[in-house]
Amino acid sequence: MRAERIWQLALQLSSQAQASGSLVPLATEVLAAPQHQPFVLRRLLSTTPKHLRRGGPKPNPFLPWEQALEVERLSSGHVVLLNKYPVQAGHLLLITDSWQPQSGWLSADDWRGVSLLASDTGGLWFFNSCAASGASQPHRHLQLLPRRAGEASTPLSTAIQVQLDRGERPWPWAYRLSRRTDAHGGRDLPALYLEHAEQLGLGYPHQDAQPRHPYNLLFDDNWLLTVRRTQEHCAGFSLNALAFAGYLLATERSDLELLERQGPWSLLQAVAAAPDKHL
């Protein structure tokens, strides 16, 4: 069993940060939509936060980061922060303590930071490689939604497990899904990351300064999923990696009528790259 010390500390700090105004939880409501299951559809009730609005270059909120949001400093050169706009209690960020671009390759130190945090707290990890895949900030950060032992990490957990068990790849976009072999240690992640990058045509760190295409990463103790992206928005929905986990957030710009007609899978297909028969 994991100690979950960092998660518990994050929950304790959250109430203080919210009281001071440093933490701004998103006010949402779940829209009952049985026809869209297993997707979870929420509607934003508060003003759309800055990170979900379209715009030009954004200032770096992590140099310096808000001290009220700091949870832990890691020996890998990373800091664990509370997400300022959490989608759940204890929503964590793993950021580099010095400047590294979000659009660059994840490094050995990044994976060591993941391993250090994952050894304490498990859950759903996700990474948006750049603005076109849903990244809201230019500074290197991965995100973790903590989960209890035995709790499904995403609404699509069953669909993902079926694919792993059957060795199938039925989704009509460019992605790779692999079973993990080192759940708590994370030693399997760097190799899987590079393998997926090669298979999806994202390039090679030793010859490409940054990945050739936008992408999302999602992983938990059991699997790693990489999706190649083409754009971030569709029908007024801002779609980052969490969309490929089964979580959708509707704002005042979202076309709910289109979602009703075409379903949530159509949104994912619209923003992901088409499968390449040569990859």
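Residues numbered from 1 in each chain as written. Predicted model: local features only at pLDDT ≥ 70, side-chain atom pairs only at ≥ 80, totals over all residues. Heavy atoms only, no water.

Engineer: Looking at this structure, how should I read the packing of aromatic side chains?
Structural biologist: To describe a pair of aromatic rings, one takes the distance between the centres and the angle between the planes. Considering all chains together, one arrives at 13 aromatic pairs under this definition. For the pair Phe 127 and Tyr 215, a centre-to-centre distance of 6.0 Å together with 45° between the ring planes defines the contact as tilted. Here Tyr 215 lies in strand β9 (residues 215–219) and Phe 127 lies in strand β6 (residues 123–128), a separation of 88 residues in the sequence. Here the two residues Phe 127 and Tyr 215 agree in accessibility, since each one is buried. Between Trp 171 and Trp 265, the aromatic rings sit 5.9 Å apart at their centres with planes inclined by 40°, giving tilted as the arrangement. Of this pair, Trp 171 sits in the loop between α3 (157–166) and β8 (175–179) while Trp 265 sits in helix α6 (residues 264–271), placing them 94 residues apart in sequence. In textbook terms, an aromatic cluster arises when at least three aromatic residues are bridged by ring pairs, as seen for Trp 105, Trp 111, Trp 125, Phe 127, Tyr 193, Tyr 215 and Phe 219. (Phe/Tyr/Trp six-rings, centres within 6.5 Å; stacked < 30°, edge-to-face > 60°. Helix = DSSP H or I, 4+ residues; strand = E, 2+ residues; numbered from the N terminus. Buried < 20%, exposed > 50% of the residue type's maximum accessible area, 1.4 Å probe, protein only.)

Engineer: Sorry, what's going on with unusual backbone geometry here?
Structural biologist: Keep in mind that most residues, glycine aside, have a negative phi and that most peptide bonds are trans. Each neighbour pair has its own omega, and for Gln 37 with Pro 38 the value is 10°, a cis peptide bond. The backbone of Glu 4 sits at a positive phi, close to 60°, despite the residue not being glycine. Along the polypeptide, Glu 4 turns up in the segment before α1 (5–20). A positive phi is found at Ala 235, a non-glycine position, where the angle reads about 55°. Inspection of the secondary structure puts Ala 235 in the loop between β11 (233–234) and β12 (237–238).

Engineer: I'm lost on the pairing of strand β3 (residues 70–74) in this one. Help?
Structural biologist: Successive residues of a regular strand alternate their side chains across the two faces of the sheet. Burial within β3 is extensive, with 4 of its 5 residues counted as buried. Across 4 bridges, β3 lies against strand β4 (residues 78–82) in antiparallel orientation. Paired with Glu 70 across the two strands is Leu 81, which belongs to β4. (Pairing = 2+ DSSP bridges.)

Engineer: I'm lost on the nonpolar core in this one. Help?
Structural biologist: Burial of nonpolar side chains together is a common tendency in soluble globular proteins. In terms of nonpolar packing, the biggest core is built from 34 residues, with Leu 82 and Trp 125 touching the most fellow members. Discounting chain neighbours no more than four positions away, the residues touching Leu 82 are Ala 10, Leu 13, Ser 14, Ala 17, Leu 23, Ala 68, Leu 69, Val 71, His 91, Leu 92 and Leu 93. Grouped together as the second largest cluster of nonpolar side chains are 33 residues, Leu 218, Trp 223, Leu 248 and Val 271 included. (Core = buried A, V, L, I, M, F, W, Y, C linked by side-chain atoms within 4.5 Å. Contact = heavy atoms within 4.5 Å.)

Engineer: Can you walk me through the sheet that holds strand β2 (residues 40–44) in this structure?
Structural biologist: Within a sheet, each strand pairs with its neighbour through backbone hydrogen bonds, oriented either parallel or antiparallel. One open sheet accounts for 3 strands, arranged β1-β2-β13; its pairing is mixed. The outermost strands of the open sheet, each flanked by one partner alone, are β1 (28–30) and β13 (247–250). Adjacent strand axes in the sheet meet at a mean angle of 30° when their direction is disregarded. Sheet analysis places β1 next to β2, joined by 3 bridges and oriented antiparallel. Across the sheet, the residue bridging to Val 30 is Arg 42, located in β2. (Axes fitted to C-alpha atoms, helices over the stretch in contact; angles between N-to-C directions.)

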